[in-house]
Amino acid sequence: MSADAVASRQSSVVSRLTFREWLVRTMPRVGDFFVHILGQVRILKKLYPGVMHFMIFWGVMIQVIGTIINILNMALFLPWVITAPRNGWYLGYELVMDIAGAMILLGVLMAAFRRYVLRPKTLETHWDDTVALVLLFLIAFVGFTNEGIRLMVTRPAWAAWSPVGNWTASIMTATGFPVQEAAAWHDALVYTHVILALLLVGLVPFTKMRHLVNTPLNILVRPRRETGELAKIEDIETTEILGVGKVAEFTSQQLLSFDACLRCGRCEEACPANFSGMKYSPKELVQMLRKTMVSGLMTGETKPDAEIMSSVMSDEYPWQCTTCGACIIKCPAFINPVDEIVDLRRYQLLTSGKMPKSVGDTMRNMERQGNPWGMPPENRMAWAEGLNVRELAPCQETDVLFFTGCAAAFDERNKKVARAFVKIMQKAGVDFAVLGFDETCCGETARRMGHEYIFQEFAKQNIETFGKVKFERIVTACPHCFNTLKNEYPQMGGNYEVLHYSELLDELVKAGKLQLAVGSGQLAVGSGESALREGEEPSTVHRSLSTVTYHDSCYLGRYNDIYAEPRILLDKAGVNRVEMARKGENSFCCGGGGGGMWLETDANTRINHRRLKDALDVKAEVVATACPYCLLMFDDAIRSKGIGEQIKVMDIAEVLAAQMEV
Ligand code: SF4
Ligand code: SF4
């Protein structure tokens, strides 16, 4: 093959690859355009406001398209002309335009009823909300009045194809509208209609109606990361900006997202921090940042380099968020307040040094001992004593690498969960091993709390260790480790197949390798060592329980879509499973994520107490968890309420181990 041919072939490969890359990048955005912009799928997840918005959106869209067709049909913008035949096509056009106008009117009336009569707590009303509704109503109303006048005077045979206009004409005729004044009224109303429409368009940049442009734009240009994946600080050793201290340091997409906020309050409704009474709301955060952006970067009322922390919010403000992700999946504008929270925390930890004391203590534990518990690293394998767990030496191999995680390694309660899980794997004959003392913290806590540097160091260490041994898959018992290894280690060059243990156990059950006792509907809590608290004797807690409720961990469910497996396992174990009102993607956080485990909180606003109430409301005797943080947060709430005889918390592995009597 000639050199030219090789070059030409290479260049065509490059252009093909580039096109493929372009497609890979573009297709999700095309999908979003149809699903979330035109289809309004996320908006429709809330029925009343969804239908209301859908009607206004599509009513306006159709009217705009129809008006453009009409104008081109009138040959107002030569050479662009559409010649619309006055036949069946035109009748269809009239009908569709009428329905679209009626949708606007109905949608606006629904919106007004909701905003001024129902008044949901999280919906604020500003002057521009009222202006938008009044203008939309008037434009549609004047349009129909005009059409009614036309039909009343001309009485065309096809009038029934404009049902609302025809109905308006009938009312005018019935009420004795003076036909001789029709022409004058018609002209005046045409001008009024046009002026109102132009006023609406002119007000778009100055009112909330800017979301007509900014929200679709934000949906299209938002970062395409996994939901549970934070942005990486590239070249952290040399970069000058660590986190965000000034509004100008947000990316242009983040600034756009502040302007895309509709103030709909869906994030606030879902936020566990807000629900628990903390002075914090993701909507308020986004609006505060928008205000800071406008005053600092647009109107010049404040200095663009003013510190956000001292001028806009307190140092404690970003620490109310548990990074539970509820706001992210609810927001119809695809705004991600967790990104901003982590950016602000990064600035506090890596630049200003101003942070709550408990945050500083946790980071010191991680720096000095390599784990947030602050336990000596030489204790890392104490949990496995007597279990004969294989520790992988360099070059050795295994099928399943059990990444134990710091909670299982250092927390007494979670050690029992790890032991239960290991016994189940042994019973099922799984070829597994651990890294032992070579394992280090996955870095999740540090990253969520803003210390990107510690995260990257820990990730590098673990990836190096993974590279020295051979395994097929990694399994973790902790959704926080799971999310980090699965979704964030690829940023650091570590690509692995990662499973949560509920996925592995489900797989084993389906393959017939794990037999669970089914049928009694009774769960003997405390029959094994696993469910016991420190100092408790089996006899004190051994009792039959029948009602178990599963609590969805945010990092397992919302961030990684694992809802079914834990429930399947509980059902296979034969327990009587009941669901809390807030479940699945609407589950309520335990309060432990995003560093919440390590923060001192006000006793009156504890998220775990609110969540425990959900379990008590369904009369559960056991809360089953699949996350070490959730387990500890429930345990803490049960202890502080002193209701340990009424309700227990157990990890799913403990439930299964108790049923299997391993
Ligand atoms: S991530 Fe959760 S706690 Fe944080 S702002 Fe969003 S809803 Fe609230
Ligand atoms: S951030 Fe999203 S969910 Fe929250 S108020 Fe704004 S648009 Fe609504």
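One numbering rule holds for all chains: residues counted from 1, following each sequence as written. Chain letters start at A and ligand numbers start at 1, both assigned in the order the entries are written. Totals for whole chains, interfaces and linings use all residues, but because this is a predicted model, local features are given only for residues with pLDDT of at least 70 and pairs of side-chain atoms are given and counted only at 80 or more.

Looking at the assigned domains, one finds that the protein contains domain 1 (43-206), domain 2 (230-355), domain 3 (366-482 + 493-504) and domain 4 (523-660). Here the bounds of each domain stem from an automatic or database domain assignment. A straight line from the C-alpha centre of domain 1 to that of domain 4 covers 54 Å.

Turning our attention to helix H4 (residues 127-154). Where helices and strands are cited, they refer to DSSP runs of H or I of at least four residues and of E of at least two residues respectively, numbered from the N terminus. Expected span, for any helix, means 1.5 Å times one less than how many residues it has. The terminal C-alpha atoms of H4 lie 41 Å apart, and with 28 residues this matches the ideal 40 Å at 1.5 Å per residue to within 8%. Where H4 ends, the next residue or the one after it, Arg 155, has phi of about 45°, a positive value.

A pair of strands is labelled paired if DSSP reports no fewer than 2 bridges between them. The strand order across the open sheet built from four strands is E2-E1-E3-E4, with neighbouring strands paired in parallel fashion. In this open sheet, the two strands that pair with only one neighbour each are strand E2 (432-433) and strand E4 (498-500). The strands touched by helix H21 (residues 501-510) are strand E1 (397-403), strand E3 (470-476) and E4; relative to E4, the strand with the most contacts, the crossing angle is about 80°. Two residues qualify as being in contact provided that their C-beta atoms, derived from the backbone, are within 7 Å of each other. Axes, fitted as lines to C-alpha atoms, cover a helix only where it is in contact. Angles between the N-to-C directions of the axes lie from 0 to 180 degrees.

A few words now on the site of ligand 1. For each residue, a C-beta position is placed from the backbone atoms; the residue is near a molecule or strand when that point lies within 6 Å of it. Around ligand 1, a shell composed of 14 residues is seen, among which Cys 271, Pro 282, Cys 321, Cys 324 and Cys 327 lie nearest. Listed by contribution, the elements that provide at least two residues to the shell around ligand 1 are helix H10 (272-275), helix H13 (326-330) and helix H14 (337-352). When residue character is reported, Ala, Val, Leu, Ile, Met, Phe, Trp, Tyr, Cys and Pro are called nonpolar, Asp, Glu, Lys and Arg charged, and the others, Gly included, polar. In terms of residue class, the shell around ligand 1 is made up of eleven nonpolar, three polar and no charged.

Neighbouring residues of ligand 2: 15 residues in total, closest Cys 261, Cys 264, Cys 267, Lys 283 and Cys 331. Those elements that place two or more of their residues in the shell around ligand 2 are helix H9 (266-270) and helix H11 (282-298). Per-element accounting of the shell around ligand 2 gives the leading share, three residues, to H11. Here the shell around ligand 2 is built from residues that sort into ten nonpolar, one polar and four charged.

Of the pairings in the sheet, the one linking E1 to E3 comprises six bridges and is parallel in character. When the bridges of E3 are listed, Val 400 appears paired with Arg 473. Relative to E2, E1 runs parallel, the two being bridged by two bridges. For Val 400, the partnering residue across the bridge sits in E2 and is Phe 432.

A few words on the pairing of strand E9 (residues 622-625). Exposure is read from a count of other C-beta atoms within 10 Å of each residue's own; the residue is exposed at 12 or fewer, buried at 20 or more and partly exposed in between. C-beta atoms are placed from the backbone. On E9, burial covers both faces: Val 622 and Ala 624 on one face and Val 623 and Thr 625 on the other are all buried. Where strand E7 (residues 547-550) lies against E9, three bridges are found, and the strand directions are parallel. Counterpart to Val 548 in the pairing with E9 is Val 622. In terms of strand pairing, E9 meets strand E10 (residues 648-651) through four bridges, oriented parallel. Looking across to E10, one finds that Thr 625 is bridged to Asp 651. Between the parallel pair E9 and E10, the chain is carried across by helix H25 (residues 628-641), and the sense of this crossover is right-handed. Looking down the strands as they point away from the viewer, one classifies a crossover as right-handed if the path from the first strand across the helix to the second runs clockwise.

The next thing to look at is the environment of Phe 275. Secondary-structure assignment places Phe 275 in helix H10. It is 22 Å that separates the C-alpha atoms of Phe 275 and Phe 258, two residues lying 17 residues apart in sequence.

This paragraph deals with the packing of H21 against helix H23 (residues 564-572). For the pair H21 and H23, the least separation of the axes is 9 Å and the interaxial angle reads 45°. With respect to H23, the axis of H21 lies oblique. For the element pair H21 and H23, the recorded crossing hand is left-handed. Between H21 and H23, the contacting residues are Ser 502, Glu 503, Leu 505, Asp 506 and Val 509 on the first element and Glu 565, Pro 566, Ile 568, Leu 569 and Lys 572 on the second. Under this scheme an angle from 65 to 115 degrees is roughly perpendicular, one under 35 degrees roughly parallel, and one over 145 degrees roughly antiparallel; angles in between are oblique. The hand of a helix crossing depends on one turn: near helix anticlockwise from the far one by less than a right angle means left-handed, and clockwise means right-handed.

What follows concerns the nonpolar core. Among the nonpolar cores identified, the biggest contains 131 residues, and Phe 421, Ile 424, Phe 634 and Ala 653 are the most heavily contacted of them. In contact with Ile 424, not counting residues within four places along its chain, are Leu 505, Leu 514, Ala 653, Leu 656, Ala 657, Met 660 and Val 662. Nonpolar core, as used here: buried Ala, Val, Leu, Ile, Met, Phe, Trp, Tyr and Cys residues forming one set through C-beta atoms within 7 Å. In this structure, Met 52, Val 60, Ile 104 and Ala 132 belong to the second largest nonpolar core, which totals 18 residues.

What follows deals with the confidence of the model for the protein. When pLDDT is averaged along the protein, the result is 90; 93% of the residues meet or exceed 70. Confidence per residue, as judged by the predictor, is encoded in pLDDT with a range of 0 to 100. A low-confidence stretch, residues 1-14 stays under pLDDT 50, and its non-local contacts, those more than four residues away or across chains, total one contact. pLDDT under 50 marks residues 526-544. Its contacts with residues more than four places away, or in other chains, come to 35 contacts.

We note that Ala 75 has phi near 55°; this positive angle belongs to a residue other than glycine. By secondary structure assignment, the location of Ala 75 is in the loop between helix H2 (47-73) and helix H3 (88-118). The exposure class assigned to Ala 75 is exposed, which follows from the 12 C-beta atoms found within 10 Å. At Arg 119, a position not held by glycine, the phi torsion is positive, near 45°. Assignment of secondary structure puts Arg 119 in the loop between H3 and H4.

Taken in spatial order, the four strands line up as E8-E7-E9-E10 in an open sheet, and their pairing is parallel. Pairing within the sheet leaves two strands with one partner each, and these edge strands are strand E8 (576-578) and E10. Each adjacent strand pair in this sheet contributes to an overall mean axis angle of 35°, direction not counted. Along the sheet, H25 makes contact with E9 and E10, crossing E10 at roughly 170°. Running at roughly 85° to E10, helix H26 (residues 652-660) makes contact with E9 and E10 of the sheet.

Pairs of packed helices are described in terms of their axes, by the angle between the two and the distance that separates them. Contact pair H23 / H26: the axes reach a minimum separation of 10 Å and the direction vectors enclose 20°. The orientation of H23 relative to H26 falls into the category roughly parallel. When the axes of H23 and H26 are compared, the crossing they make is left-handed. Contact residues: H23 offers Pro 566, Leu 569 and Leu 570, while H26 offers Ile 652, Val 655 and Leu 656.

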